[in-house]
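Single-letter residue listing:
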Amino acid sequence: PLLWNLTRFHPFWALIEMTMGIAAARDVMQDGEEERRTKPTNPLFYFLASYASLALRLTSFDFNDAIIRSTLFVPLFTKFLTALHRDCLSERPAAITR
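Residues numbered from 1 in each chain as written. Predicted model: local features only at pLDDT ≥ 70, side-chain atom pairs only at ≥ 80, totals over all residues. Heavy atoms only, no water.

Run through helix α5 (residues 65-88), naming residues and quoting values.
Along α5, the helix axis deviates most sharply at F73, where the bend reaches about 35°; the proline P75 sits within four residues downstream. Check the buried side of α5 and you find it contacts α1 (2-8), α2 (11-29) and α4 (43-54). (Bend = angle between axes of the 7 residues up to and from the residue. Helix = DSSP H or I, 4+ residues; strand = E, 2+ residues; numbered from the N terminus. Contact = heavy atoms within 4.5 Å.)

Pasting the structure below:
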């Protein structure tokens with residue numbers, strides 16, 4: 001258990017996840033007029049996909065929390081937050097954003 005807690009809650013991995021969030025926020029901030037005119041993706045799809053990825057832990061494939069969290073949940077949830085922010089800036093936001 002000690003090695004598991006050291007790898008799961010290590011400050012380096014927290015820094016990596018925080019840097020992913022900063023890069024995603026900066027990506028939205030850098031959107032030009034072309035990106036703002038296009039219709040954004042409905043954030044509900046990314047929300048459902050990110051939380052459905054957590055259900056993979058319950059399957060018989062024996063995925064552990066670290067595998068699911070680092071490879072699926074964090075990137076999908078970051079994509080959800082990015083899509084949510086873009087949808088907030090659009091003229092007609094989706095129902096999940098309102």
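Text resumes after the structure shown.
Lay out the confidence of the model for the protein chain in plain terms, naming residues and giving numbers.
In the predicted model, the protein chain carries a mean pLDDT of 87, and the fraction of residues at 70 or more is 99%. Averaged pLDDT values for the elements of the protein chain fall to 74 in α1 and rise to 93 in α4. (pLDDT = per-residue confidence, 0-100.)

Could you give an account of the pattern of salt bridges, with specific residues and numbers?
Going through the model one piece at a time under the given rule, you end up with four salt bridges. Among the ionic pairs, D27 bridges to R86, the shortest N-O distance being 3.2 Å. Taken as a pair, D27 in helix α2 and R86 in helix α5 lie far apart in primary sequence, 59 residues in all. By relative accessible area, which is 24% here, R86 ends up partly exposed. For R86, the salt bridge identified is with D31, shortest N-O distance 2.6 Å. (Salt bridge = Lys/Arg side-chain N within 4 Å of Asp/Glu carboxyl O. Buried < 20%, exposed > 50% of the residue type's maximum accessible area, 1.4 Å probe, protein only.)

Pulling in residues and values, what's your account of the environment of T7?
Note that T7 resides in helix α1. When the C-alpha positions of T7 and P43 are compared, they lie 31 Å apart, and in sequence the two are 36 residues distant.

Describe the packing of α4 against α5, naming the residues involved and giving the relevant values.
α5 packs onto α4 with a crossing angle of 165° between their chain directions and a minimal axis gap of 8 Å. In terms of orientation, α4 lies roughly antiparallel with respect to α5. Between α4 and α5 lies a crossing whose hand is left-handed. On α5, the residues that touch P43, Y46, F47, A49, S50, Y51, S53 and L54 of α4 are I68, L72, F73, L76, F77, K79, F80, A83, L84 and D87. (Axes fitted to C-alpha atoms, helices over the stretch in contact; angles between N-to-C directions. Parallel < 35°, antiparallel > 145°, perpendicular 65-115°, else oblique. Left-handed = near helix turned anticlockwise from the far one by under 90°.)

Give me the lowdown on the environment of D87, citing residues and values where you can.
Positionally, D87 belongs in helix α5. A residue is classified by how much of its surface remains accessible, and D87, at 3% relative accessible area, is buried. A C-alpha to C-alpha distance of 31 Å links D87 and F12, two positions 75 residues apart in sequence. A polar side-chain atom of D87 sits 2.8 Å from the main-chain amide nitrogen of A94. (Polar contact = N/O pair within 3.5 Å; in protein donor to acceptor, adjacent residues only side chain to side chain.)

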